[in-house]
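Working through the structure, step by step
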Amino acid sequence: QVQLVESGGGLVQPGGSLRLSCAASGSIFSPNTMGWYRQAPGKQRELVATITSGDRANYAESVKGLFTISRDNAKNTVYLQMNRLRPEDTAVYYCNLRVLRADYWGQGTQVTVSS
């Protein structure tokens, strides 16, 4: 069984920064894609960023130039560096692993941007 554990969420002021981490454990095959999705209250879950095991990254237009996704394949860990955070970035952030046409999800971590 694959397990994903997120960390790094919290409360920050507008303009601040956070770095999220997600560590995957279990049988992780390559190639694969890891990523971050978020869901705000009353909204659909949306893609934030993804990164392949070959380090190809993809970002939502709303976070380009603000967020950076990276990964450490040796640790099976994906990171999301979030800079210049805005109130509209407030959401539960979920880590995702896609491998062998299967999706695995973490439990989510809350990010709140408020003054």
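Described below are features of the structure shown in this document. As a convention, each chain's residues are numbered from 1 in the sequence order in which they are written. Note on the predicted model: pLDDT of at least 70 is required for a residue's local features to be given, and 80 or more for side-chain atom pairs to be given and counted; whole-chain, interface and lining totals, by contrast, use all residues. As a rule here, side-chain values come from all non-hydrogen atoms in the structure, and water together with hydrogens is ignored.

1. Regarding the pairing of strand E4 (residues 33–39)
Counted only if it meets this: Summary of the burial criterion: residues with accessible area below 20% of their type's maximum are buried, those above 50% are exposed, and those between are partly exposed, where the area comes from a 1.4 Å probe applied to protein chains only. Numbering goes from the N terminus for both helices and strands, where a helix is a DSSP run of H or I of at least four residues and a strand is a run of E of at least two. Each pair of strands is called paired provided DSSP finds at least two bridges between the two strands.
In terms of residue burial, E4 counts as a mostly covered element, since five of its seven residues are buried. Alignment of E4 against strand E5 (residues 46–52), held across six bridges, turns out to be antiparallel. Residue pairing in the sheet places glycine 35 in a bridge with threonine 50 of E5. Taken together, the seven bridges between E4 and strand E9 (residues 91–99) define a ladder with antiparallel strand orientation.

2. Regarding unusual backbone geometry
Residue proline 31 is bonded to the preceding serine 30 through a cis peptide linkage, with omega at 0°. For proline 31, the position within the fold is in the loop between strand E3 (18–25) and E4. We note that arginine 84 has phi near 50°; this positive angle belongs to a residue other than glycine. Judged by its relative accessible area of 54%, arginine 84 falls in the exposed class. The backbone phi angle of leucine 100 is positive, close to 55°, even though this residue is not glycine. If you trace the backbone, leucine 100 turns up in the loop between E9 and strand E10 (102–105). Residue leucine 100 is classed as exposed on the basis of its relative accessible area, which comes to 66%.

3. Structural notes on the layout of surface pockets
Here is the rule: Site definitions follow a grid-based scheme: protein atoms alone, a 1 Å grid, a 1.4 Å probe that fits but cannot get out for cavities, and for pockets an open set with protein on both sides within 12 Å along at least five of seven lines, plus lining residues having an atom within 4 Å of a point. Grid points are joined across faces, edges and corners, and a volume is the space filled by probe spheres set on the points. Polar here means any residue other than Ala, Val, Leu, Ile, Met, Phe, Trp, Tyr, Cys and Pro, which are nonpolar, and Asp, Glu, Lys and Arg, which are charged; Gly is therefore polar.
Empty space within the largest pocket amounts to approximately 160 Å³. Lining the largest pocket are Arg38, Gln39, Ala40, Lys43, Gln44, Glu46, Ser62, Arg86, Glu88, Asp89, Thr90 and Ala91. Taken together, the residues of the lining of the largest pocket break down into two nonpolar, four polar and six charged.

4. A short note on the state of the cysteines
Selection criterion: Note on disulfides: each one is a pair of cysteine sulfur atoms within 2.5 Å.
Taken as a whole, this structure holds one disulfide when the rule is applied. One disulfide in the model links cysteine 22 with cysteine 95; its S-S distance is 2.0 Å. Negative torsions about the S-S bond denote left-handed disulfides, and the value of about -85° found for cysteine 22 with cysteine 95 makes this one left-handed. Of this pair, cysteine 22 sits in strand E3 while cysteine 95 sits in strand E9, and the two are 73 residues apart along the sequence. Judged on exposure class, the residue cysteine 22 and its partner cysteine 95 are both buried.

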